[in-house]
Amino acid sequence: MSSLRSRAWQAALLGGLLVFATACGGGPDGAGGGQQQKPSAVPDNTALLGAIKADPQLAAGLPPAVVQAKTLRLASNIQSAPNNFYAADGKTPIGYEVDLAKAVGAKLGVTVAYQDLAFGSLITSLQSGRVDLTMAAMNDTKERQQQIDFVDYFSSGITIMIRKGNPDGITGPDTLCGKNVAVVQGTSHQKFATAQSAKCTQAGKPAITVTATDSDNQNQNQLRTGRVAAILNDLPSAVYISRTAGDGKFFEVVPGQPIEGGPYGMGFAKNNSKLRDAVKQALQSLVADGTYGKILQSWGVEQGAIKEAAVNGGS
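Rules used throughout
Residues numbered from 1 in each chain as written. Predicted model: local features only at pLDDT ≥ 70, side-chain atom pairs only at ≥ 80, totals over all residues. Heavy atoms only, no water. Helix = DSSP H or I, 4+ residues; strand = E, 2+ residues; numbered from the N terminus. Buried < 20%, exposed > 50% of the residue type's maximum accessible area, 1.4 Å probe, protein only. Lys, Arg positive; Asp, Glu negative; His and termini not counted. Salt bridge = Lys/Arg side-chain N within 4 Å of Asp/Glu carboxyl O. Polar contact = N/O pair within 3.5 Å; in protein donor to acceptor, adjacent residues only side chain to side chain. Contact = heavy atoms within 4.5 Å. Arc of directions from axis to C-beta.

Participant: How should the side chain of D152 be read in this particular structure?
Facilitator: Take D152: it is sitting in strand β6 (residues 148-163). Of the buried charged residues, D152 lacks a salt bridge, with K142 as the closest side chain of opposite charge at 9.1 Å. Looking at D152, its side chain comes within polar contact range of the main-chain nitrogen of G313, at 3.0 Å. In this structure D152 touches D140, P263, Y264, G265, L283, I306, E308, A309, A310, N312, G313 and G314, once residues within four positions along its chain are discounted.

Right, dumping it as structure tokens:
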């Protein structure tokens, strides 16, 4: 993952998101209630996914073992909304990654079976053959490419979260000069804020006051009360928090491409290029026919959309 977040913060965020989804009328599978007046933070993409037709030509490229099992064994670390997390029933994986995985499976004519593993064991689970692929907001990097292959499906990066209505007039990194900005201690966000502050002073502008805390919850409280003007966070988390916190009335995200963006990739064992290539082609087909974009839009993370499902495109 792109930043070092504490397990405590992730658990707290998940709890809050699931409460919100339940309050909005969302069922365990994300389905909304009949009296729902606005979109749920957990969309129901059942119809969209059900409309996907299997492509026999793409399915023919699958390894024999997958064809025989008619199942893709997918490992994830299911705790990172809105990438992948559990529905209100505590059992059903949901998230935009889950919907994308189901869509790829449908295009290939197979089902997807999730395994919830520790993030640190995902690569070894591929290398041992325990699973067929991983999908867990894992950054595709040159270092990881030495161990596994990736098919890139999303572009994440640092995003600026501000108070609703943007009272401080923040429109991008250059407008953070002279502002108080909150980050989580030890993350890439803190590193970027410090570097951006140096750019401000070099340009003769006031420095950024960087406030580093132990959790994003602390940062959200400071932003709500105006003690900081902005929070730096990863794109999916920032977008989802903005949609859910205070029923969507507290925060918003500054529009634009992610800062210092890089791809998330589905992982494959180095000796499983046949499956890698089949999945790549299926994902590219979903990009081309618009299904991919509709899934991301339903989760509010379309800013991270990719145009090409590249293999090992990270740096």
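Having seen the model, we can carry on.
Participant: Before we go on, may I ask you to explain helix α9 (residues 216-224) in this structure?
Facilitator: Each α-helix winds once per 3.6 residues, and so residues spaced three or four apart point in a common direction. All of the buried residues along α9 are D216, N219, Q220, Q222 and L223. Around the axis of α9, the buried residues are gathered within 165° of arc, so they sit on the same side. Of the residues trailing α9, G226 is marked for its positive phi of about 85°.

Participant: Any chance you could explain the pattern of salt bridges here in plain terms?
Facilitator: Opposite charge on two side chains permits them to pair, given that their charged atoms come into close proximity. The tally for this structure, following the rule as stated, stands at 6 salt bridges. Note that K270 is salt-bridged to D149, the shortest N-O span being 2.7 Å. Taken together, the residues span a long stretch of sequence, with K270 in the loop between β11 (259-269) and α11 (273-289) and D149 in strand β6 at a distance of 121 residues. You can call D149 buried: its relative accessible area is 5%. We note a salt bridge from D277 to R276, for which the minimum N-O separation is 2.9 Å. Several salt bridges converge on common partners, so that one network encompasses D149, K270, R276 and D277.

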